[in-house]
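Geometric and topological summary
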Amino acid sequence: MSANRIPITILGAGPAGLGAAYRLARRGKFNITVLERGGAVGGNAGSFDLAGMKVDYGSHRLHPSCAPEILADLQRMLGNELLDRPRHGRIRLHGKWVHFPLKPADLISHLPPSFLGGIAWDSVAKLIPQKKPDTFAAVLEAGLGKTICRDFYFPYARKIWGVDPDSLDAEQARRRVSAGSLLKMVRKVLNAVPGIKRKGSGRFFYPQNGYGAISEAYGCAAVELGAKLRPLTSVAALETCDGRVQAIRAIGPAGEEVIKADHVLSSIPIAQLARLVQPAAPEDVQKAACALKFRAMVLIYLVLKTDRFTEYDAHYFPDSDIMITRLSEPKNYGLTGVPGQTVLCAELPCSINDAVWRASDSELAKIVTSALETAKLPVRSPVVEVASRRLPQAYPIYSRDYRQHFECVDEWVSGFDGLITFGRQGLFAHDNTHHALAMAYALDRCLEDDGSFDEKRWEEYKQEFQKHVVED
Ligand SMILES: Cc1cc2nc3c(=O)[nH]c(=O)nc-3n(C[C@H](O)[C@H](O)[C@H](O)COP(=O)(O)OP(=O)(O)OC[C@H]3O[C@@H](n4cnc5c(N)ncnc54)[C@H](O)[C@@H]3O)c2cc1C
């Protein structure tokens, strides 16, 4: 490694951090070190071993709307391992199972006429002009009508974010609900009609050794190009002087150390980053950082002694009578599994330290099995193992004043020379993996070989990132 390469420290080894490490390492101009708190790479998009197979942190798919440049890199790195799979899920609406993504014939035959009549009435009512909606609830009601909101989106939103849809910002609807109007929803439904299929509809990419293989591939490629990857190394402080980044204090397997740093690219949560900067942030920034809240999630894994639980990759539960939001069966995503055995993964949003967060594995298993009983999807095979994982930062909560808090923290952090925050956690975005990777690729385009950073271009990219819409 050449001594005159510019040192760059990347915080976090999720898709964003590793995507940036790989893209920058390709240029041969930088000395790259990635610091990761966990023992493995991938962050929320990682995988781990359970009962002889890889499982993910909840249902993860690579959406086909991934930028061609990123997809080409992944196809090259993963080769045949990157599977192109049909989506095959079900959603429980009014106690009935409907195919998800939605299909017209299925919708008409399974949903009660009162629900379909309500949607028809709402589409007529939409013709009456209304004032510009300013909350999550108002945007969705204006776009989708009362019936779909009342019976589907609002109960789902309460479970996902743990707050009333009226107290969420309009932005949460724009960024999080890709079918935000009846027209978009009809288009999505029509995608399923043979003959008018659009690009990518009803399909997804998935690495056959688990979703975490995406981050592992970026990590391996970066290491092959000379980057250093340091797992189990947690960033404890970021020291600055005269508005410039100076050093990072990290705690790793060998204890505390100080790493000299001129350029720090951070994909860790922006509120955490603001708290780590030394000297400490002014009081208004600290308050704003505290106001940026995430919804947490407990993932419950049941290992069943049966070859397959159902033929579906995922079941979605918007109704409030069922605590979990989604149940996935990793084997049905194309994962190599163990014969005679399958794993179910249930997603249960919660808050850190609430009763769900603190529940034991056996209590969590009971929540899942009784939810599945209610959904008339009982677990009949023996449960041979239960495991759980906890995600402290699953979904950003866009409360109605979130933007002012985010901008306050972002402006302060971005004011330091040599410090850039990016990725899903770094920009407090609800984004998919391909969006987090797009941020990494954009960052690579903004950092010049001599270490100078094109701030103007990065600000333009940040405006673009705000147009990202999450795909389920
Ligand atoms: C339940 C669920 C389902 C999802 N499904 C999909 C899907 O189907 N398709 C899709 O595209 N996306 C999906 N996503 C989103 C996807 O997980 C994210 O887009 C992706 O993980 C973002 O990558 P990132 O690198 O920006 O952040 P992260 O993956 O969160 O990585 C941040 C990293 O920073 C590390 N870190 C934090 N603090 C420190 C510290 N102090 N020191 C060192 N390291 C630190 C963390 O350990 C972590 O590894 C889903 C997310 C969830 C929660």
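What this report covers is the structure whose coordinates are included nearby. This one's a predicted model, so the numbers in the text were calculated from it and none came from an experiment.

1. Here we look at helix α11 (residues 283-291)
- All buried positions along α11 are accounted for by V285, A288 and A289. Take α11 and look down its axis: the buried residues cluster within an arc of 100°, on one side only. Exposed residues lying more than 90 degrees from the buried face of α11 are E283 and D284.

2. Comments concerning helix α5 (residues 136-144)
- The buried fraction of α5 is high, at 7 of 9 residues.
- Along α5, the residues classified as buried are F136, A137, V139, L140, E141, G143 and L144.
- Immediately beyond the C-terminal end of α5, within one or two residues, lies G145, with a positive phi of roughly 90°.

3. Looking at the sheet that holds strand β9 (residues 228-230)
- The parallel open sheet is built from 5 strands, whose spatial order is β9-β2-β1-β13-β20. Bordering the open sheet on either side are β9 and β20 (419-421), each of which pairs with just one other strand. Neighbour to neighbour, the strand axes of the sheet diverge by 15° on average, direction disregarded.
- As paired strands, strand β1 (residues 6-11) and strand β13 (residues 263-266) are joined by 4 bridges and run parallel to one another. Bridge pairing in β13 places I10 opposite L265.

4. Quick word on the nonpolar core
- A21, I32, I300 and V409 are the most contacted members of the largest nonpolar core, which totals 126 residues.
- Apart from the residues lying within four places of it in its own chain, the contact partners of V409 are I270, A271, A274, V285, A288, A289 and L292.

Rules behind the numbers
- Residues numbered from 1 in each chain as written.
- Predicted model: local features only at pLDDT ≥ 70, side-chain atom pairs only at ≥ 80, totals over all residues.
- Buried ≥ 20, exposed ≤ 12 C-beta atoms within 10 Å, placed from the backbone.
- Helix = DSSP H or I, 4+ residues; strand = E, 2+ residues; numbered from the N terminus.
- Arc of directions from axis to C-beta.
- Pairing = 2+ DSSP bridges.
- Axes fitted to C-alpha atoms, helices over the stretch in contact; angles between N-to-C directions.
- Core = buried A, V, L, I, M, F, W, Y, C linked by C-beta atoms within 7 Å.
- Contact = placed C-beta atoms within 7 Å.

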